[in-house]
Amino acid sequence: DAMVIQNPRYQVTQFGKPVTLSCSQTLNHNVMYWYQQKSSQAPKLLFHYYDKDFNNEADTPDNFQSRRPNTSFCFLDIRSPGLGDAAMYLCATSRTTGRNEQYFGPGTRLTVT
Amino acid sequence: SQQGEEDPQALSIQEGENATMNCSYKTSINNLQWYRQNSGRGLVHLILIRSNEREKHSGRLRVTLDTSKKSSSLLITASRAADTASYFCATDALVGGSYIPTFGRGTSLIVHP
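All of the points below concern the structure found in this document.

What about the side chain of Q37(B)?
Okay, so step 1: Here Q37(B) lies in strand β4 (residues 31-37).
Okay, so step 2: When its relative accessible area of 9% is taken as the criterion, Q37(B) is described as buried.
Okay, so step 3: There is a polar contact of 2.6 Å between the side chain of Q37(B) and the backbone oxygen of R41(B).
Okay, so step 4: Not counting residues up to four positions away in its chain, the partners in contact with Q37(B) are Q37(A), L90(A), G42(B), L43(B), A85(B), S86(B) and F88(B).

What follows is the structure, encoded as structure tokens:
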């Protein structure tokens with residue numbers, strides 16, 4: 001089945017230790033998104049790629065970086081995680097932007113110790 | 001950026017009852033989407049309604065849109081325990097030249113068997 005896969009599902013990292021979360025898709029969608037979701041809050045868009053075009057939300061901290069080496073894969077790098085970065089990180093895809101629904105992965109729960 | 005606001009924040013009902021959730025937003029939209037999220041999982045798309053549509057149905061789901069009041073409602077009829085989840089509305093936000101769904105805080109629905 002076509003899907004969005006996130007690995008790992010659970011990630012524990014130490015304060016300040018770089019961590020990378022990965023997302024892959026078999027939908028061949030043009031757009032990939034990263035959202036951060038804290039408990040009982042709305043998913044907050046960090047950035048998105050339209051093909052190779054990278055779009056950063058204005059208030060996304062510099063601590064967060066992303067890479068999209070090809071259509072199928074997208075990575076979220078957190079260079080120096082702080083305690084406030086503990087959250088669920090959701091990857092999503094859509095065929096295009098605008099009227100298209102998004103398909104979400106199951107998320108990666110990040111814990112910072 | 002624009003964000004939909006859901007109301008109520010939490011809703012608790014008995015199986016078989018109807019559940020109604022509302023979403024209000026601030027600026028004009030191209031379309032509005034509703035998503036569902038089971039605890040600790042990614043979001044699943046339910047319905048997209050365009051700004052020129054007033055009502056849409058999908059199985060037990062009914063979505064209405066009133067652009068004059070800048071509001072939408074999601075009705076789940078004959079609810080089941082399996083409908084227990086958080087429900088989010090998403091409205092467009094212009095990011096980097098593209099319209100990207102922006103989520104509200106959601107309504108947490110509990111359906112008691």
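Additional details are given in the paragraphs that follow.
A short note on the sheet that holds strand β7 (residues 61-66) of chain B
Residues and elements named next belong to chain B.
Okay, so step 1: Spatial strand order, β1-β3-β8-β7-β6: 5 strands in an open sheet with antiparallel pairing. At either end of the open sheet lies a strand with only one pairing partner, and these are β1 (5-7) and β6 (55-58). For this sheet the average axis-to-axis angle between neighbouring strands, irrespective of direction, equals 20 degrees.
Okay, so step 2: Bridge count for β7 against strand β8 (residues 71-76) is 6 bridges, and the pairing is antiparallel. Looking across to β8, one finds that T64 is bridged to S73.

So, the sheet that holds strand β1 (residues 4-7) of chain A
Residue and element names in this part refer to chain A.
Okay, so step 1: Sheet architecture is open: 4 strands sit in the order β1-β3-β8-β7, paired in antiparallel fashion. Strands at the two margins of the open sheet, each flanked by one partner only, are β1 and β7 (64-67). Put simply, the sheet's adjacent strands are angled 20 degrees from each other on average, direction ignored.
Okay, so step 2: Both β1 and strand β3 (residues 19-25) contribute to a ladder of 4 bridges, which runs antiparallel. When the bridges of β3 are listed, Q6 appears paired with C23.

Concerning the environment of D92(B)
Residue and element names in this part refer to chain B.
Okay, so step 1: Here D92 shows up in strand β9 (residues 85-95).
Okay, so step 2: For D92, a relative accessible area of 6% gives the class buried.
Okay, so step 3: Taking C-alpha positions, D92 is 6.8 Å from N31, a pair spaced 61 residues apart along the chain.
Okay, so step 4: At 3.1 Å, the side chain of D92 and the backbone nitrogen of N30 are in polar contact.
Okay, so step 5: Polar contacts involving the side chain of D92 include one to the main-chain amide nitrogen of N31, which spans 3.2 Å.

Focus: the environment of T27(B)
Okay, so step 1: Within the fold, T27(B) resides in the loop between β3 (19-24) and β4.
Okay, so step 2: With 71 residues separating them along the chain, T27(B) and S98(B) place their C-alpha atoms 16 Å apart.

Some words on the interface of chain A and chain B
Okay, so step 1: Contact with chain A, which involves 23 residues of that partner, is made by 24 residues of chain B.
Okay, so step 2: Taking both partners together, chain A and chain B bury about 1900 Å²; carbon and sulfur atoms supply 54% of that area.
Okay, so step 3: At the boundary of chain A with chain B, the tally comes to 0 salt bridges.
Okay, so step 4: Within the residue set of the side of chain A that touches chain B, elements represented by two or more residues are β4 (31-37), β5 (44-50) and β9 (87-94) of chain A.

Concerning the state of the cysteines
Okay, so step 1: Using the criterion set out here, one finds 2 disulfides over all chains in the structure.
Okay, so step 2: Across the disulfide, C23(A) is cross-linked to C91(A) (sulfur-sulfur distance 1.9 Å). Taking the torsion about the S-S bond as the criterion, the C23(A) to C91(A) disulfide, at about -70 degrees, is left-handed. Pair noted here: C23(A) is in strand β3 and C91(A) is in strand β9, with a separation of 68 residues, a long-range link.
Okay, so step 3: Judged by relative accessible area, which is 0%, C23(A) ranks as buried.
Okay, so step 4: C91(A) gets classed as buried once you look at its relative accessible area, which sits at 0%.
Okay, so step 5: Paired by a disulfide, C23(B) and C89(B) hold their sulfur atoms 2.0 Å apart. Between C23(B) and C89(B), the disulfide has an S-S torsion of 65 degrees and is therefore right-handed. Highlighted residues: C23(B) in strand β3 and C89(B) in strand β9, separated in sequence by 66 residues. Summarising the burial analysis for this pair, C23(B) and C89(B) share the class buried.
Okay, so step 6: C74(A) carries a free sulfur, and the closest cysteine sulfur to it, the one in C91(A), is 6.0 Å from it.
Okay, so step 7: Overall, C74(A) belongs to the buried group, its relative accessible area being 0%.

Scoring rules and cut-offs
- Residues numbered from 1 in each chain as written.
- Chains lettered and ligands numbered in written order.
- Predicted model: local features only at pLDDT ≥ 70, side-chain atom pairs only at ≥ 80, totals over all residues.
- Heavy atoms only, no water.
- Helix = DSSP H or I, 4+ residues; strand = E, 2+ residues; numbered from the N terminus.
- Buried < 20%, exposed > 50% of the residue type's maximum accessible area, 1.4 Å probe, protein only.
- Polar contact = N/O pair within 3.5 Å; in protein donor to acceptor, adjacent residues only side chain to side chain.
- Contact = heavy atoms within 4.5 Å.
- Pairing = 2+ DSSP bridges.
- Axes fitted to C-alpha atoms, helices over the stretch in contact; angles between N-to-C directions.
- Buried area = accessible area lost by both parts, 1.4 Å probe.
- Salt bridge = Lys/Arg side-chain N within 4 Å of Asp/Glu carboxyl O.
- Disulfide = S-S within 2.5 Å.

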